[in-house]
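This is what each chain is made of:
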Amino acid sequence: MIIHGTALVSLCLLAGLATGRLLGGALGVDADVGGVGIAMLLLIGGCHLLERRGLLTAPLGHGITFWGQMYVPIVVAMAASQNVRGALAGGWMATAAGLAATATGFLLVGIMVRSGAGTRPS
Amino acid sequence: MTDVVRDTVAANGLLVAFAVVGATMLVSGWLSTCCTGGRVHGSAIAILLGLVAAAVAGGPRGVADVPLLAGVGLLGGPMLRDLAIVATAFGVRPQEFVRSGAIGIVSLVTGLCTAFVAGGVIAWTCGYRDAVSVTTIGAGAATYIVGPVTGSALGAGSDVIALSIAAGLVKAVAVMVATPLLASTIGLSTPRAAMIYGGMMGTNSGVMAGLAATDPALVPYGAMTATFYTGLGCLLGPSVFFMIARAIV
């Protein structure tokens, strides 16, 4: 059933977010450390187990892929809920700091992506 | 009549959000084929339209502050966003994560360091010469969550904390807009590159919107590393980076 897939994703996310908070607490910060990443690993592992036992049915998969494909519309809604005016109102110092971090980031991504080119069979 | 329409819309916010976002995607797809010949991805145009709408609405939560569009805030809020991100991991090959794990961690640390340094240097040149302000603004250049968390921990002034949030917001918006434009230049086309990109840029909303507008198949890989960035930044900001800033300033 479709709800089984959605329930599986929800459970993985709840477990991941709780683990992320616990990890943050153990490290002494009041923040979620990698909750979504942990949830993704749980989902990959969970699906692998279900598949091996032949329980990964097509409807269950649909209950997961529906939300995966809702990702782009959700991101559009997220963009529309951003404090864009606040970003523009921070003055040129905040703008410069944000843009400098973005520019150096892109530069280093380009360098790091190329540095490993050819080291990995694709 | 208008009252009935308004009440129906107000009482069904999430449905309104589905309809409005669906219409936006439809228009964006049409603009993509008609005006750019498909070169600019429809998702990128939709995200840009979303940002413009948020700027026009003007509130701290963009269009979600308009009562009739409050449902957009729910649809784009952290709960459904995280659910959708986790769901994108369905069907990815775990070997990719293992194979690119090391470079992902390297990019996380490098990304946090460069953001702190870039933001800190700008703060310094703009006349903020105390270690607390330099660290807080540098942290804001990482993400708009790391900035205030670091600033509060160090006891920074509210004006400096506001600046750090603004710096993080500028970065998030800049990453959203620039990623689809720069994707081919920086080689953002493989799972490995997406993991490096996620760790380097780190800003969750920026990375996720940027990848969605570039190639949705790369989303789980970028999200995997980016999800550790803010937490790691909150950890390093008030500790390691503050000590370094205090030693230099």
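Structural data are supplied above this passage.
Only a predicted model underlies this, so the values are computations on that prediction, with no experimental measurement involved.

Ranked by size, the top nonpolar core spans 73 residues in total, and within it Leu 43 and Tyr 71 of chain A together with Ile 47, Leu 188 and Tyr 197 of chain B carry the most contacts. Of all the elements, helix H4 (residues 71-80) of chain A adds the most residues to this core, at nine residues. Ignoring anything within four residues of it in the chain, the contact list for Ile 47 of chain B reads Val 75, Val 76 and Ala 79 of chain A together with Met 176, Ala 209, Ala 212 and Ala 213 of chain B.

Facing 67 residues of chain A, the contacting portion of chain B comprises 92 residues. Together chain A and chain B conceal approximately 6700 Å² of surface at their shared face, both sides included; 81% is due to carbon and sulfur atoms. In this structure, the connection of chain A to chain B is made through zero salt bridges. Linking chain A to chain B there are six residue pairs in polar contact (both at pLDDT 80 or more). Elements that contribute at least two residues to the side of chain A that touches chain B include exactly helix H1 (2-26), helix H2 (35-52), helix H3 (58-69), H4, helix H5 (84-89) and helix H6 (91-115) of chain A. In terms of residues, the side of chain A that touches chain B owes the most to one element, H6 of chain A, which gives 20 residues. Split into classes, the residues belonging to the side of chain A that touches chain B amount to 44 nonpolar, 19 polar and four charged.

Here we take up the state of the cysteines. All names here are of chain B. One pass over the full model with this rule turns up zero disulfides over all chains. Note on Cys 113: no disulfide assigned, nearest cysteine sulfur contributed by Cys 234 at a separation of 15 Å. You can call Cys 113 partly exposed: its relative accessible area is 31%.

A word on the environment of Gly 119 of chain B. Within the secondary structure, Gly 119 of chain B is located in helix H7 (residues 101-125). Residue Gly 119 of chain B is classed as buried on the basis of its relative accessible area of 0%. In contact with Gly 119 of chain B, other than residues within four places in its own chain, are Ala 97 of chain A together with Ile 137, Gly 138 and Ala 141 of chain B.

Cut-off values and rules
Residues numbered from 1 in each chain as written. Chains lettered and ligands numbered in written order. Predicted model: local features only at pLDDT ≥ 70, side-chain atom pairs only at ≥ 80, totals over all residues. Heavy atoms only, no water. Core = buried A, V, L, I, M, F, W, Y, C linked by side-chain atoms within 4.5 Å. Buried < 20%, exposed > 50% of the residue type's maximum accessible area, 1.4 Å probe, protein only. Helix = DSSP H or I, 4+ residues; strand = E, 2+ residues; numbered from the N terminus. Contact = heavy atoms within 4.5 Å. Buried area = accessible area lost by both parts, 1.4 Å probe. Salt bridge = Lys/Arg side-chain N within 4 Å of Asp/Glu carboxyl O. Polar contact = N/O pair within 3.5 Å; in protein donor to acceptor, adjacent residues only side chain to side chain. Nonpolar A, V, L, I, M, F, W, Y, C, P; charged D, E, K, R; others polar. Disulfide = S-S within 2.5 Å.

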